[in-house]
Structures are given as C-alpha cells and as structure tokens.
Amino acid sequence: MISYGRQSIGDDDVRAVVSTLMSDFITQGPKVTEFETALANYCGAFHCAVASNGTAALHLAYLAAGICKDDEVIVTPNTFVATTNMILACGAKPVFCDIRSDTYNIDEGKIEELITKNTRAIVVVDFAGQPCNLDRIREIANKHKLVFIEDACHALGADYKGRKVGGLADFTIFSFHPVKGITTGEGGAILTNNKDAYEKMCLIRSHGVVKDENGFNIMTEFGFNYRLTDIQCALGLSQLKKLDRFITKRHAVVQAYERELGNFDKIILPKTTDEVRSAWHLYVIRVKDREKRLPLHHHLRSKGILTNLHYPAVYNNPYYRKNGFGDVALANMDLYAETAITIPCYPDLPIEQIKFICNEICSFYN
Ligand SMILES: *Cc1c(COP(=O)(O)O)cnc(C)c1O
C-alpha cells in the first residue's frame, strides 16, 4: 500500500529519543525549550510555544488572540476540521470565505465583504504547503484591526517572498503529526512575535497554574494540559535538522510528477505562484471531468495507491450541516471538492512508485 503521506525516521531520530528517555527528564525538561528555540530561530519568530498537537496549538492561539463567544472568524473551508472546530470551541462562529481556483487558498479578494462589527480574526491555511497571499491579508487585518492567524500545519519550512512562514502572521500554527513536514508522533507549535500572547499560551497550556512565592500551585487562568513531552521534543529537534532535506526531496517528487503527467490532458496539476516556495505537504491533482473523480480514486485504491480528498468543504460535514451551516455554498470550493484527488507525496517516495502511480492514472483513462 502506498499512503498519501508518511514520516521519515532515521537512526539519528531513534538515538535522540532513546537518549532523552534515559535522561532525568522525560517531560518538561530541557528539550522542550531547546525545540522551541530551534523552531523560533528557524522561522525567524521571537517566540514559540509547543503543544500536544496542532489542534491544541490552534486552540491556544485562538484563546490568546481573544477569540470568544459570539465573535466571528473569517476562515477558509478548504481545511481539516480542526481549524474551524477550535473556533467553535471558543464559542465563536466560523464565517467561510471562498477559495482561489488556482492555489486553492483563501481568496483574499473576498475577505473584506465578510467583515462585520463582530469579526475578530482572519484564519488562513497555507494549503498543501503553499503560503497564502500573506502581504494582502496582513493589510486587510491591519486596516480592520483583526487578528491574523495562519494555520501553517502544511507549510513548515515554506517561503513567502524569501521569508520563512512562522514570523509573518500574528500567530502561526504548525502540526507534527506523522504526515506533516516533520514529526514528533503527535505535536504542534505556535509562533508569535507577541510576548504577552506567548506567555498567555504557556499559562493556558499548563492548566492556567503558576507557582506562588511559597512554590505552591495557584490557578490564575482557565487552562488545559496541552504540553508536549521532552521525548517528543528530542524527536522534533532531530527531525528539524533534516527539514530542508525533506523539502528538497518533496520538490523532487513534484518534479517527477510534472515530468510524467505534465502532458496528460485529462487532469490539472497543482500550481504555485512566483512569490512562494511551497513545502509540498500534499500533491493534489484535479480531474477535468468530475464524473471521473470517484472511479479514478477507486481504481488507484484497488492498485494499492491510497489516494484521499483534501478537503471536503468543512461546511459540508454532517455536523456542520446540522449546526447552523446547512445552506452554505461557495462556488470555487464546491467545484474543487468534486474534482480533487490527493496522490502520494512524501520525502522517501521512490521514483519507481511515482512512475507506477502515473501509469495507473493514465491507464485508468485509456
Ligand atoms: C494536521 C492539521 C491540523 C491538526 O493538527 P493535529 O496535529 O493533527 O492536531 C490542523 N490544521 C491543518 C490544516 C492540518 O493539516
């Protein structure tokens, strides 16, 4: 079976984990701060708080951003449900904005018409690893005094106009799930240049509890246990050293797909703009004839190629349909979700398997 994504774990990763496992701290020791510092430096941000997963990291960022009951948050529907679920967890309302038909990212030209007096934040997703139009979205956020949050769970290591994502929005969120750019098993992080927000996230991450002058725990904020362990941070540190190599290998996979499928006229290959260097978390092709999407998906699955759909529109999930989003429809998003298929893309995907996948796509049509 060829999965759409998978981790790359080496002996160096194993050694790093084992060495931490044998040390004095297996959680909340030196590896946590070391990993946070390394991530902040890599991305060019002032502060980094790691969290138990990307979803927890989103929740922490939203809480630190002050998103609360009855706020509206403008968000892309082309994302994993966690992005919007955590808006609901804050008691706020996701307001879905259509996507661009070229990059599948939020259409920055359609954001302003959705802003009301209740809008608190704009949440964008760097879909498939390609950064959004961050400069334009920053301008809109500043003009309307909104918090700018970038769910960059696909885009660790991606560049926007020569700068790494991570220091460009008010909050940038990463995930270290095994299919993402680097892994800690489960894990996540928030980068920010705002010291107060950073401190608030650290507090909420650990029950809202601080030490008083006697060393006793006192709770000053409502909080959770969203901590990441030293064992996981040791793995993250070891993985982060290899991130640039992983991305280079993902680019080689993409080039191979472009060579093999570039002249095949039944499908549309993904495009990136000149402003970005994508992290290529996902490789999403689109069928021109939407009737062919499911048959192609099942044909590839029958050959052991586990294609997927990233993403059905969030508002089309039964839960969202039943809870206030029953009649949302966005033209570009809906067409995209009927025609997209994610095919495998990860650093160690062998060239023979790429050729096999491409042959099976072409033979399905022939
Ligand atoms: C993976 C992902 C998340 C959630 O991250 P977890 O670490 O799985 O909780 C959120 N948003 C996007 C866009 C993702 O791809």
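Note that residues are indexed from 1 along each chain, following the sequence as it is written. Whole-chain, interface and lining totals are the exception, using all residues; otherwise, since this is a predicted model, local features are given only for residues with pLDDT of at least 70 and side-chain atom pairs are given and counted only at 80 or more. Side-chain numbers come from the whole structure's heavy atoms, not from hydrogens or water.

1. Thoughts on the packing of helix α2 (residues 30-43) against helix α7 (residues 230-240)
Reasoning step 1: Two elements in contact, α2 and α7, have axes whose closest approach is 8 Å; the angle formed by their N-to-C orientations is 30°. For α2 against α7, the interelement crossing comes out left-handed. Contact residues: P30, K31, V32, E34, F35, A38, L39 and Y42 in α2; D230, C233, A234, G236, L237 and L240 in α7. Inter-axis angles, ranging from 0 to 180 degrees, are taken between N-to-C directions of lines fitted to C-alpha atoms, where helices are fitted over the stretch in contact. Strands here mean DSSP runs of E at least two residues long; helices mean DSSP runs of H or I at least four residues long; both are numbered from the N terminus. Left-handed describes a crossing whose near helix is turned anticlockwise from the far helix by less than a right angle; the clockwise case is right-handed. Contacts were defined at the residue level, with two residues in contact if any of their heavy atoms lie within 4.5 Å.

2. Section: the pairing of strand β8 (residues 171-175)
Reasoning step 1: The element β8 is largely enclosed, with a buried count of five among its five residues.
Reasoning step 2: Buried, partly exposed and exposed residues are distinguished by accessible area as a fraction of the type maximum, computed with a 1.4 Å probe on protein chains only: under 20%, between the cut-offs, and over 50%, respectively. Going residue by residue along β8, you find F171, I173 and S175 tucked away on one face and T172 and F174 tucked away on the opposite face as well.
Reasoning step 3: Relative to β8, strand β5 (residues 147-151) runs parallel, the two sharing three bridges. When the bridges of β8 are listed, D151 appears paired with I173. Criterion used throughout: strands pair if DSSP finds at least two bridges between them.

3. Describing the side chain of D159
Reasoning step 1: Among the secondary structure elements, D159 is positioned in strand β6 (residues 159-160).
Reasoning step 2: Those residues in contact with D159 that lie beyond four places of it in its chain are P131, K164, E275, V276 and R277.

4. Some words on the environment of R301
Reasoning step 1: With respect to the helices and strands, the residue R301 is situated in helix α9 (residues 293-302).
Reasoning step 2: For the pair R301 and A313, spaced twelve residues apart in sequence, the C-alpha to C-alpha distance is 22 Å.
Reasoning step 3: Not counting chain neighbours up to four residues away, the residues in contact with R301 comprise L306 and T307.

5. A word on unusual backbone geometry
Reasoning step 1: Residue Y311 follows H310 across a cis peptide bond; omega there is 0°.
Reasoning step 2: Not every positive phi belongs to a glycine, and Q28 is a case in point at roughly 55°.
Reasoning step 3: Within the secondary structure layout, Q28 lies in the loop between α1 (11-21) and α2.

6. Notes on empty space enclosed by the protein
Reasoning step 1: Here a cavity means grid points, on a 1 Å grid over the protein atoms only, where a 1.4 Å probe fits yet cannot get out; a pocket means an open set of points with protein on both sides within 12 Å along at least five of seven lines; lining residues are those with an atom within 4 Å of a point. Grid points are joined across faces, edges and corners, and a volume is the space filled by probe spheres set on the points. The final tally for this structure, using the stated rule, is two cavities of 30 Å³ or more.
Reasoning step 2: In this model, the largest cavity occupies a volume close to 90 Å³.
Reasoning step 3: Lining of the largest cavity is provided by T103, Y104, F127, A128, Q130, P270, K271, T272, S278, W280, L282 and V284.
Reasoning step 4: Polarity classes work like this: nonpolar for Ala, Val, Leu, Ile, Met, Phe, Trp, Tyr, Cys and Pro, charged for Asp, Glu, Lys and Arg, and polar for all others, with Gly in that last group. Of the residues assigned to the lining of the largest cavity, the class counts are seven nonpolar, four polar and one charged.
Reasoning step 5: Segmentation of the chain into domains, including their bounds, is taken from an automatic or database domain assignment. Of the domains in this structure, domain 1 (2-240) and domain 2 (243-365) are the two that each give at least three residues to the lining of the largest cavity.
Reasoning step 6: Its boundaries defined by the atoms lining it, the second largest cavity holds a volume of some 50 Å³.
Reasoning step 7: What lines the second largest cavity is simply R6, Q7, S8, P178, K180, G181, I182, T183, Q239, F246, R250 and P347.
Reasoning step 8: Across the lining of the second largest cavity, the residue classes break down as four nonpolar, five polar and three charged.

7. Remarks on the sheet that holds β6
Reasoning step 1: In spatial order, the strands read β7-β6-β13; together these three strands make up an open sheet with antiparallel pairing. Unpaired on one side and paired on the other, β7 (163-164) and β13 (276-277) mark the two borders of the sheet.
Reasoning step 2: Pairing geometry for β6 and β13, over two bridges, is antiparallel. Looking at β13, one finds that Y160 is bridged to V276.

8. With respect to the domain arrangement of the protein
Reasoning step 1: In terms of domain boundaries, the protein breaks down into domain 1 (2-240) and domain 2 (243-365).
Reasoning step 2: If you average the C-alpha positions of domain 1 and of domain 2, the two centres end up 24 Å apart.
Reasoning step 3: Each side of the interface is counted separately: domain 1 has 45 residues, and domain 2 has 48 residues.
Reasoning step 4: Once two parts are joined, some of their accessible surface, as seen by a 1.4 Å probe, is lost; buried area is that loss totalled over both. Across the interface of domain 1 and domain 2, roughly 4000 Å² is buried in total on both sides, 60% from carbon and sulfur atoms.
Reasoning step 5: Contact with domain 2 buries area across many residues of domain 1, yet I2, Y4 and Y104 alone supply 22% of it, more than any other trio.
Reasoning step 6: Every case where a carboxyl oxygen of Asp or Glu lies within 4 Å of a side-chain nitrogen of Lys or Arg is listed as a salt bridge. Here domain 1 is connected to domain 2 by zero salt bridges.
Reasoning step 7: In protein, a polar contact requires one atom able to donate a hydrogen and another able to accept it; more generally it is a pair of N or O atoms within 3.5 Å, and residues adjacent in sequence count only if both atoms are side-chain atoms. Across the domain 1-domain 2 interface, the total number found is 25 residue pairs in polar contact (both at pLDDT 80 or more).
Reasoning step 8: Sorting elements by how many residues they give to the side of domain 1 that touches domain 2 places helix α4 (residues 82-89) first, with three residues.

9. Description of the sheet that holds strand β3 (residues 93-96)
Reasoning step 1: Overall, mixed pairing links the seven strands, which are arranged β1-β9-β8-β5-β4-β2-β3 in an open sheet. Edge strands, defined here as strands with exactly one partner in the open sheet, are β1 (47-51) and β3. Direction aside, the axes of adjacent strands within the sheet are offset by 25° on average.
Reasoning step 2: Pairing of β8 with strand β9 (residues 188-192) involves four bridges; the strand directions are antiparallel.

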